[in-house]
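Descriptive analysis of the structure
Chain by chain, the residues run as shown.
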Amino acid sequence: MPTRLLLGNEALAQGALDAGLSAAYAYPGTPSTEITEYILRSHEVRRGDVVASWTANEKTALEAALGASYAGVRAMASMKHVGLNVAADPFVNSAIAGANGGLIIVVADDPSMHSSQNEQDSRFYLDLSLMPCIEPADQQEAYDAPAYAFELSERLRIPIMIRLTTRLSHSRGTITTGEARHQNPFSLPDDPRRYILLPLIARQSYARLVERQPDFIRESEASPFNQWIDGPDRSLGILATGIAAGYVLDVTDGACQHPILKIGQYPIPNTLLERLATSCDRILVVEEGFPYVESKLRGAPARTTPAIHGRLTGHLPRIGELTPQAVADALDLGSLPTPAASSTPAPRPPALCPGCPHADTCHALTEVLGARPEGGVVFSDIGCYTLGALPPYNAIDTCVEMGASITMAKGAAAAGLHPAIALIGDSTFTHSGMTGLIDCVNEEANVTIVIVDNLTIAMTGGQPSSAENRLATICAGLGVVRDHVRVIEPHPRNHEANVAVLREEIDYAGPSVIIAQRECIQTARRRARKTSVEGEESE
Amino acid sequence: MIRNIILAGVGGQGLLALAAVIGEAARSLDLDVKQAEVHGMAQRGGVVQSHLRYADRPLRSNLVRRGTADLILALEPMEALRYLPYLSPGGAVVSSAAPLVNIPGYPDESAVLEEIGRLPAHRIVDAVGLAKEAGAVQAANMVMLGAGSPHLDLPASALTGAIESFFTDKGPVVIETNLKAFRLGKAASGTS
């Protein structure tokens, strides 16, 4: 069989395409971005057979996928773990409304916070929603998961979560692909009233969802994603979820003496768990993420026979992603000899690119605020410009979550802070900033909002921004006084003029917006290169 | 046969292309391959590393365990030193000689090279100079591929085939530059 070398994200995307996907929606976010990038590059999209699109945010992505599923086709929404917070409302309620065409919601968690502000574990949303979930253990399972999950979704009439983590999303592995399946025809649900979540209908649907949980557990018990790997030495049993199972097999060289229960489908398969718990003296729970299964198995008060060990007991680190060595330590396999660590390397943190327009905006802001005796606070947001927190800029004071810059500035201004500045990117503004701006207008908040508009979603690799060249119109349309929607070009040659505009708008007692617009240096360079290649070809 | 490799460098040096070429070469020989890479925020001029593994049997972990790397292949000398605890006692460090100084507090450059020189199995290569000789400074990653190739346990034909397929969209000139960079790096490794 021919093999392909794909990222976990790409394997999942190829698996979805081969499983008859018709619609894919997503907002980019590390480590989930390459799923939709891959689908957008596919023949299926270029031929027009599959609809795929970047959306304004994760909530609109999931809702569009839910609508496609309503119309009978197989649909997928993808996001990073914190994106699921944004999409939590449709996520939880779609479990009650259900699926018609297969609906999968792919969530990529980021343990160790490589590119995120937290390492929350999306499996906790399964308890909120009562939705089943597949957690692939490797790239082949990432490829196999969509076909399985679409079928399960259509059979159980419920959306299915697929949980990935950074190390699988961003690792390549060899996979073999299967037969491609036809897409579903358009077909409306035969029981459409279940999509009306009026309390009198929702109560019945929710009760039915609760009643069906034993069926979902039976699905898990029989799932190929859950596997019992026997071992003769029952002094220890190992429960490993998702890619954690790979670490156990790796450090034991494929010859583990203890039984291993590999879990890749939820709800948790109770019978398999019970088999492990009753046949072993001690259980080690190895999970990439929070101690989700571990805390359930442990119970409260904690069960002592068998003893449950894992992240909660210090046998594995409580936080951060797993490593082969951490798993080896938990299995008492010890360390291998290695050269001593070197103390020479200095930290090399990420930084704004040379020539980045955000650097010019940061310089202008620090000059303006540095000259004011009362200082002022720059509430910032999620994007490349968050790197303005680091030297040499030291230009921003906060970064909490998508859109928080504008609304935190508003709250602080109302509490007496001046100047209260919000610094937010173009795409973050359309993702979650516009609603906050309406609040600012309605409350006549004394805030100065700087939208750093680099005409792209830069941090995740340059996806198109939702409202390119429409930001001034949007801000005026939301009610900002037209004279106080200013557009500047952040560039060293305009520094003095930009400082003056910032001063004027800070002194204006009301909501004002300054759009600092200059294209991302990376996308500009890429476009220039493309243009020159095309020029050479046409010559 | 199993090979565990740490690729080390800085965002923008072409480390992921280097990883992709070696991974594809191993895949073309029907070996199992796992290759972990870094995306997102970390790529903005910061540290970039990749764990690359291939074997003639199924691999289970995307990451290299400490003490098992056969090779640290580095596009930047300070980055070569960052991952020493991954190296097995018999493992080699092959590094580009050219420091990339984009931070304050970069250590003394000659001390960095001397520290690599004290390791039992090491080679320092003028990757930038050889890449210029090949025709493009961006090809320093393929010079390092050549320089590291004696430790890869893969036939040169698989590596050159993977270079050709990786750069196929960029045209014959780019392919030839990268093949030349590979050959110059291989010559600098003391093998031919």
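Below is a short write-up of the structure. Source: prediction; values computed, not measured.

Thresholds applied
- Residues numbered from 1 in each chain as written.
- Chains lettered and ligands numbered in written order.
- Predicted model: local features only at pLDDT ≥ 70, side-chain atom pairs only at ≥ 80, totals over all residues.
- Heavy atoms only, no water.
- 1 Å grid on protein atoms, 1.4 Å probe; cavity = no way out; pocket = protein on both sides within 12 Å on 5 of 7 lines; lining within 4 Å.
- Points joined across faces, edges and corners; volume = space filled by probe spheres on them.
- Helix = DSSP H or I, 4+ residues; strand = E, 2+ residues; numbered from the N terminus.
- Domains from an automatic or database assignment.
- Core = buried A, V, L, I, M, F, W, Y, C linked by side-chain atoms within 4.5 Å.
- Buried < 20%, exposed > 50% of the residue type's maximum accessible area, 1.4 Å probe, protein only.
- Contact = heavy atoms within 4.5 Å.
- Buried area = accessible area lost by both parts, 1.4 Å probe.
- Salt bridge = Lys/Arg side-chain N within 4 Å of Asp/Glu carboxyl O.
- Polar contact = N/O pair within 3.5 Å; in protein donor to acceptor, adjacent residues only side chain to side chain.
- Pairing = 2+ DSSP bridges.

**Description of the layout of surface pockets**
All names here are of chain A.
- Here the second largest pocket is characterised by a volume of approximately 750 Å³.
- Together, 41 residues line the second largest pocket, and S115, I382, G383, M402 and M459 are the ones closest to its centre.
- Per-element accounting of the lining of the second largest pocket gives the leading share, five residues, to helix α18 (residues 426-442).
- Domain assignment of the residues forming the lining of the second largest pocket places at least three in each of domain 1 (4-211) and domain 3 (357-523).

**Looking at the nonpolar core**
- Membership of the largest hydrophobic core comes to 106 residues, with the highest contact counts inside it found for L21(A), I39(A), M76(A), M161(A), L239(A) and V286(A).
- Per-element accounting of this core gives the leading share, eight residues, to helix α8 (residues 139-156) of chain A.
- Taken domain by domain, the makeup of this core includes at least three residues from each of domain 1 (4-211) and domain 2 (227-330) of chain A.
- Residues within four places of M76(A) in sequence aside, it is in contact with L12(A), A16(A), L21(A), A23(A), A24(A), Y25(A), I35(A), I39(A), A65(A), I104(A) and V106(A).
- One finds L5(A), L31(B), L73(B) and L184(B) within the second-largest nonpolar core, a separate group that totals 44 residues.

**Focus on the interface of chain A and chain B**
- Between chain A and chain B, the contact holds 50 residues from the first and 47 residues from the second.
- Summed over both partners, the interface of chain A with chain B buries about 4,000 Å², with 56% contributed by carbon and sulfur atoms.
- At the boundary of chain A with chain B, the tally comes to five salt bridges.
- Note that E37(B) and R172(A) form a salt bridge whose closest N and O atoms lie 3.2 Å from each other.
- Viewed at the interface, chain B and chain A are joined by 18 residue pairs in polar contact (both at pLDDT 80 or more).
- At the level of secondary structure, the elements contributing two or more residues to the side of chain A that touches chain B comprise β1 (4-7), α9 (166-169), β8 (171-175), α12 (244-251) and α15 (324-330) of chain A.
- At five residues, the largest contribution of residues to the side of chain A that touches chain B is made by α12(A).
- Relative to strand β2 (residues 32-36) of chain B, β8(A) runs antiparallel, the two sharing three bridges. Bridging across to β2(B), S171(A) finds its partner in A36(B).

By themselves, these observations are geometric and do not establish any function.
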